[in-house]
Amino acid sequence: MSTAGIVTSAAPRAFGAPARARLNRAEIIIAAAAFAGLCAYALATAPRFLEPDDYAYLASVVALSRGHLTLSTSQYHALAASLAHSVGGFYSTNGIVQWVHLPSGQWISEKDPGYPFLALPFQLLHVIRLAPLFYGALACLGLFLGARAWLGRYAGAAAAGLYCTSGAALVFAWRDYMPTFTEASLIAAGTGILLWAVLAGQATARRRTAAGLAGFVALEAAVFTRYTDILVLGCAVLAVIVASRSAAVRLPARALWWWLGSVAAFGAGLALFDDLVYGGPLQSGYRAGEITFSLSAVVPNLRLMPGELVRTMPVLLLGLAALAWIAVRRVRPGQAGGQAAGAVRRDFAVAVALAASWFGIWGLYAGYTWTATQPASATVHVIRFYVPAIGAISLLGAWLMTRLTAVPRGAAAAAPACVAVLALLFAQGAWSANDMRTAATAAPFGRPGPGPGHGPGHGPGGPGPLRGRPPGAPGHGGAPGGAGPGGA
């Protein structure tokens, strides 16, 4: 997909820019600077394992790097002993936290299996710290292209910048063995690329089809990482089906078949994988009833989460304001005609698709019973379920930024306005991320030492008090109890 093709296919409207507006060097610099700030923060942060999930994923990545997806009992205990010796923390010679004994007699992490595959190349190259950042770069690229195709100049820089500056992104981008930032980045990349593929009417049919296919593959990889992301994938499927019926979009005839075929193939492959590994096409590593959602959990979650969400990702306020403004413009009659009316309808359609993805995930986890029982100090442990929506929120926030800066001589004012907003958000995000990390070290998940290869003396920090299954829980071969089922 060439840059020239992407640029000419965009239909910029913000700042009075003409159609086929050329890519501005300042846009690239702003987006690159925001991503560089994210990378600098992540790489400057000393790695720590903040909860048992980190240890469970590390064991999976190490096992896969040795050629094993599942382990025999002897292999399982050998790996547990090896990691207990080299890492300490939540490992013991008796077992690995949050791993399960399958009916087949094999052992595997209870976590959804996608992230070890995504992290494997970086583990083999001994650059695991770059794994989340690589997928973060894909997110920035997808958001840049999608926002620019939708909104025009500087929208891409705004969307990528907003994605990189929230505390929720910063606090997970340095956690090498946690999938949260990678999962969110795959969703952001897929969403942005799909938005470009749908709106890039002047691009060739082959290019739009290939881009959309790549977008769906990214969303599918996110689902493999966390199965509940199937809500986002479902919203994307519904959105492209609706878009294909619009004469204004003019999707290539075969594009929809390729895209939906990819989703169908992924679904069949995932069902086969689960059947072979877990013993059933709808099975996973979690026991029946371990991951639960209930309306009774909504009120307790609403007592904790809104304030924490605003503090850790204030960009959501921009997203909500954008949704309100877009809705008002759509329902207010007689304010636009011709091309302007078409732009209003397009903005509304895109906003509905993004809001469905955003509120689908957040609505689901508003009813998650595990988070409803966590103390206020456990922000970093519960906020991760809401992070996958950052991509959609950033695109909506970019819409608001382009509207607010669309003033006379707006193109000249756009760059400094964008930089000022992103700098403010980055400062707030870094403060929020530091606060979450500090609070996590005192949370009841214990104070484990650093991860492997992250400095001398891998830290004897013991497991501390754990929530979840007690040692020797049925079906878990005496492995240590977990910190609850926080991997839904």
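Structure first, text after, so check above.
(A) Highlighting the overall build of the protein. Helix and strand counts for the protein stand at 18 helices and two strands. Burial analysis of the protein (488 residues in total) assigns 57% to the buried set. At a minimum sequence separation of 6, the contacts of the protein that also span at least 24 residues come to 77%. Summed over all atoms, the accessible surface of the protein reaches about 18900 Å², with 67% contributed by carbon and sulfur.

(B) Summary view of helix α5 (residues 114–124). When you tally the buried positions in α5, you get eight out of 11 residues, the bulk of the element. Buried within α5 we find G114, Y115, P116, L118, A119, L120, F122 and Q123. Among the structural elements, α3 (52–65), α6 (131–151), α9 (180–199) and α10 (205–225) are those in contact with the buried residues of α5. Positive phi shows up at H126, right after α5, with a value of about 60 degrees.

(C) Local environment of the pattern of salt bridges. This structure, assessed with the given rule, holds 12 salt bridges. The salt bridge involving R175 is made with E51; its shortest N-O contact spans 3.0 Å. Taken together, the residues R175 in the loop between α8 (167–173) and α9 and E51 in the loop between α2 (25–44) and α3 connect sequence positions 124 residues apart. One exposure class covers both R175 and E51, and it is buried. Notably, a salt bridge pairs R311 with E308, separated by 2.7 Å at the nearest N-O pair. Within this pair, R311 and its partner E308 are both found in helix α13 (residues 298–312), separated by three residues, close to a single helical turn. Taken together, the shared-partner salt bridges connect E51, D53, D54, E110, K111, R175 and R384 into one network.

(D) Expanded view of the packing of helix α7 (residues 155–164) against helix α17 (residues 390–404). It is at 8 Å that the axes of α7 and α17 come closest, and there the two elements cross at 135 degrees. When the axes of α7 and α17 are compared, the pair comes out oblique. The crossing of α7 and α17 is right-handed. On the side of α7, the interface is formed by A155, A158, A159, L162 and Y163, while α17 contributes I390, G391, S394, L395, G397, A398, M401 and T402. Of the residues in the contact of α7 with α17, the class split is nine nonpolar, four polar and no charged.

(E) Fine view of empty space enclosed by the protein. One pass over the structure, following the stated rule, counts five cavities of 30 Å³ or more. Estimated volume of the largest cavity: approximately 100 Å³. Forming the boundary of the largest cavity are 13 residues, of which S60, L69, I108, P113 and P116 lie nearest the centre. For the lining of the largest cavity, the secondary-structure elements that each account for two or more residues are α3, β2 (107–109) and α5. Here the lining of the largest cavity is composed, by residue class, of eight nonpolar, three polar and two charged.

(F) Representation of a nonpolar patch on the surface. A grouping of L43, L125, V127 and L130 is seen on the molecular surface, where their side chains present a nonpolar patch of about 340 Å² in accessible area. Structurally, the position occupied by L130 is in the loop between α5 and α6. Taking the relative accessible area as the measure of exposure, L130 reaches 40% and is therefore partly exposed.

(G) Summary view of the packing of α6 against α7. Contact geometry for α6 and α7: axes closest at 7 Å, N-to-C directions at 145 degrees. Judged by the sense of rotation from one axis to the other, the crossing of α6 with α7 is right-handed. Note on element contacts: α7 touches α6 through A155, G156, A157, A159, A160, Y163 and C164, opposite A139, C140, L143, F144, A147, R148 and L151. Class assignment for the residues of the contact of α6 with α7 results in 12 nonpolar, one polar and one charged.

Definitions and limits used
Residues numbered from 1 in each chain as written. Predicted model: local features only at pLDDT ≥ 70, side-chain atom pairs only at ≥ 80, totals over all residues. Heavy atoms only, no water. Helix = DSSP H or I, 4+ residues; strand = E, 2+ residues; numbered from the N terminus. Buried < 20%, exposed > 50% of the residue type's maximum accessible area, 1.4 Å probe, protein only. Contact = heavy atoms within 4.5 Å. Areas by Shrake-Rupley, 256 points an atom, 1.4 Å probe, with all protein chains shown as cover. Salt bridge = Lys/Arg side-chain N within 4 Å of Asp/Glu carboxyl O. Axes fitted to C-alpha atoms, helices over the stretch in contact; angles between N-to-C directions. Parallel < 35°, antiparallel > 145°, perpendicular 65-115°, else oblique. Left-handed = near helix turned anticlockwise from the far one by under 90°. Nonpolar A, V, L, I, M, F, W, Y, C, P; charged D, E, K, R; others polar. 1 Å grid on protein atoms, 1.4 Å probe; cavity = no way out; pocket = protein on both sides within 12 Å on 5 of 7 lines; lining within 4 Å. Points joined across faces, edges and corners; volume = space filled by probe spheres on them. Patch = residues over 30% accessible without salt bridge, like charges linked within 9 Å, V, L, I, M, F, W, Y side chains within 5 Å.

These results come straight from atomic positions and should not be treated as a statement about function.
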